[in-house]
Structures are given as structure tokens and as C-alpha cells.
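# Summary of structural features
Okay, here's what each chain looks like letter by letter:
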Amino acid sequence: MKHAIDHLANLEPVFQKIIDQYGQPKIPYRPQGFETLVVLILEQQVSIDSAKATFLKLKTKAVSIEPQTLVVMSDEDFRAVGVSRQKTGYIKGLSQIILNEEIHLESFSEKSAVEVRNELIKIKGIGHWTIDVYLMFSLQAQDVMPLGDIAVVNTLKELFDIHDKEAMEAFAMQWAPYRTAATFLLWHHYLNKRNRSIEYLY
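All figures in this text were calculated on a predicted structure; none of them were measured in a lab.

### Here's the deal with the pattern of salt bridges
A full pass over the atoms with the stated rule returns ten salt bridges. Across the salt bridge formed by Glu-35 and Lys-59, the nearest N and O atoms sit 3.7 Å from each other. With Glu-35 in helix α3 (residues 34–43) and Lys-59 in helix α4 (residues 48–62), this pair connects stretches of sequence that are 24 residues apart. Among the ionic pairs, Arg-79 bridges to Glu-76, the shortest N-O distance being 3.5 Å. In this pair, Arg-79 and Glu-76 are both assigned in helix α6 (residues 75–80), three residues apart and thus about one turn of the helix distant. With relative accessibility at 46%, the residue Arg-79 sits in the partly exposed group.

### As for the layout of surface pockets
Computed from the structure, the largest pocket encloses a volume of approximately 990 Å³. Listed by contribution, the elements that provide at least two residues to the lining of the largest pocket are α4, α9 (128–138), α10 (150–160) and α12 (179–193). The biggest single contributor to the lining of the largest pocket is α12, with six residues. Residue lining of the second largest pocket: 17 residues in total, with Arg-117, Asp-132, Val-144, Met-145 and Arg-179 positioned closest to the centre. Listing elements by their share of the lining of the second largest pocket, those giving two or more residues are α8 (113–120), α9 and α11 (165–172). Looking at the lining of the second largest pocket, the element that brings in the most residues is α9, giving four residues.

### As for the packing of helix α1 (residues 2–11) against helix α2 (residues 13–22)
In contact at an axis separation of 5 Å, α1 and α2 are set at 120 degrees when each is read in the N-to-C sense. In terms of orientation, α1 and α2 fall into the oblique class. For the element pair α1 and α2, the recorded crossing hand is left-handed. Of α2, the residues touching α1 (which contributes Ile-5, Leu-8, Ala-9 and Leu-11) are Pro-13, Phe-15, Gln-16 and Ile-19.

### Quick word on the side chain of Asp-132
With respect to the helices and strands, Asp-132 occurs in helix α9. Here Asp-132 is in contact with Arg-117, Val-144, Met-145, Pro-146 and Leu-147, once residues within four sequence places are set aside.

### A short note on the packing of aromatic side chains
Taken as a whole and assessed by the stated rule, the structure comprises eight aromatic pairs. On the basis of an interplanar angle of 55 degrees and a centroid distance of 5.5 Å, the ring pair of Phe-160 and Trp-175 is categorised as tilted. Separated by 15 residues along the polypeptide, Phe-160 in helix α10 and Trp-175 in the loop between α11 and α12 bring together distant segments of the chain. Of the residues examined, Trp-175 reaches a relative accessible area of 1% and is grouped as buried. Note on Phe-171 and Trp-175: the rings are 5.4 Å apart at their centroids and 85 degrees apart in plane angle, and the pair reads as edge-to-face. Given a relative accessible area of 27%, Phe-171 falls into the partly exposed group.

Basis of the calculations
- Residues numbered from 1 in each chain as written.
- Predicted model: local features only at pLDDT ≥ 70, side-chain atom pairs only at ≥ 80, totals over all residues.
- Heavy atoms only, no water.
- Salt bridge = Lys/Arg side-chain N within 4 Å of Asp/Glu carboxyl O.
- Helix = DSSP H or I, 4+ residues; strand = E, 2+ residues; numbered from the N terminus.
- Buried < 20%, exposed > 50% of the residue type's maximum accessible area, 1.4 Å probe, protein only.
- 1 Å grid on protein atoms, 1.4 Å probe; cavity = no way out; pocket = protein on both sides within 12 Å on 5 of 7 lines; lining within 4 Å.
- Points joined across faces, edges and corners; volume = space filled by probe spheres on them.
- Axes fitted to C-alpha atoms, helices over the stretch in contact; angles between N-to-C directions.
- Parallel < 35°, antiparallel > 145°, perpendicular 65-115°, else oblique.
- Left-handed = near helix turned anticlockwise from the far one by under 90°.
- Contact = heavy atoms within 4.5 Å.
- Phe/Tyr/Trp six-rings, centres within 6.5 Å; stacked < 30°, edge-to-face > 60°.

See below:
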């Protein structure tokens, strides 16, 4: 990843300014597998801290975060730890698909980002943002830019004065095949400018 960041800093003066001002971005890693996907479902449209708190309550309630455990857990137990009815359905649906062996998460490390996306997008409740984050953090895919992420979009607007998502996608092509590193630099700016930090549970 350092090679990618160095390349981008040489290519784009804005990225060099981010590094000069805030230092090198921290590149987080989140484990591959079911637990991380559950956390990512919980993170949809809420803060990282809120999702983390809910996950820890769920882990205490369920004892273990495994498909065979969560698929039989009652909706009432999910609600008791703060999981919405919609997200409960998503988590149970994912659990059942894994138990049915319709997908094999352990095989994803051997597949391309496109192949992983094509498998996960079929699962209700797993959209492109969730897939993007899983690819970047867990599978360490090198060329992902999650334009469904509000922090990325807002930072592109702020730093490059681009306001249309199609224009953002076209503009970001110049950073291929290192758009993941570019995303980490954008997040680095977004968080540091706001004096924020994120500690990921997974």
C-alpha cells in the first residue's frame, strides 16, 4: 500500500498536501469472513461507534457470531440488542445462504474483485458500499473507490470541486489501479480535518 500511496502523492499534488499536513494514513485491516459482514450490515447508515455497540451486545446475546447461531436467534432477541427488523432480516438471510452453501466466503481471497462483487450483490441487504468496504478492508483489493460513501463524496467535492457522481467516477480513473489507496487518503483528510478518529472493532 505504501508504494500505491507514494505513486499517488507523486501523481496528485492534493494527496501530497494531505500527507504533508496529516502524515501517512493508517491502513486498517478487518478479518475476512462472516463476522465482518455482520458488522458491515450493522454499520449501514449509522455511525461506526453505534454499530460497534450493537455488535458487542449481539455477541453477548448470541454467545457466538456464526451463521448457525444467528439464523435461529429470535427476532425479539435481535431487537433487544438494538438490531432493526430490516437488518435482522439481512443477517438471517446471509446466515441461511452460507448454511445452504450458496456462497463460500473462504473462497473470496482467490477470486477477483468483480467475481466477489457479483456473488455478494445477489444477497439482500448487501449493496455496493458494503461490498466495497469488504473488498478494501478484508480482501485488500487495490482498486476500489466507494462512491456510496458520504465521506468520500464530500471530500471529492471539497478538494476537487466535483459534484456529480459520474464525474467523480471518471475523474478517479486517473488513480487506477490504486483507487483504494486514494480512498484511504480521502478518508484521512476527512477525519483529520474534523479532529476525528475511528477505531474499528472488525
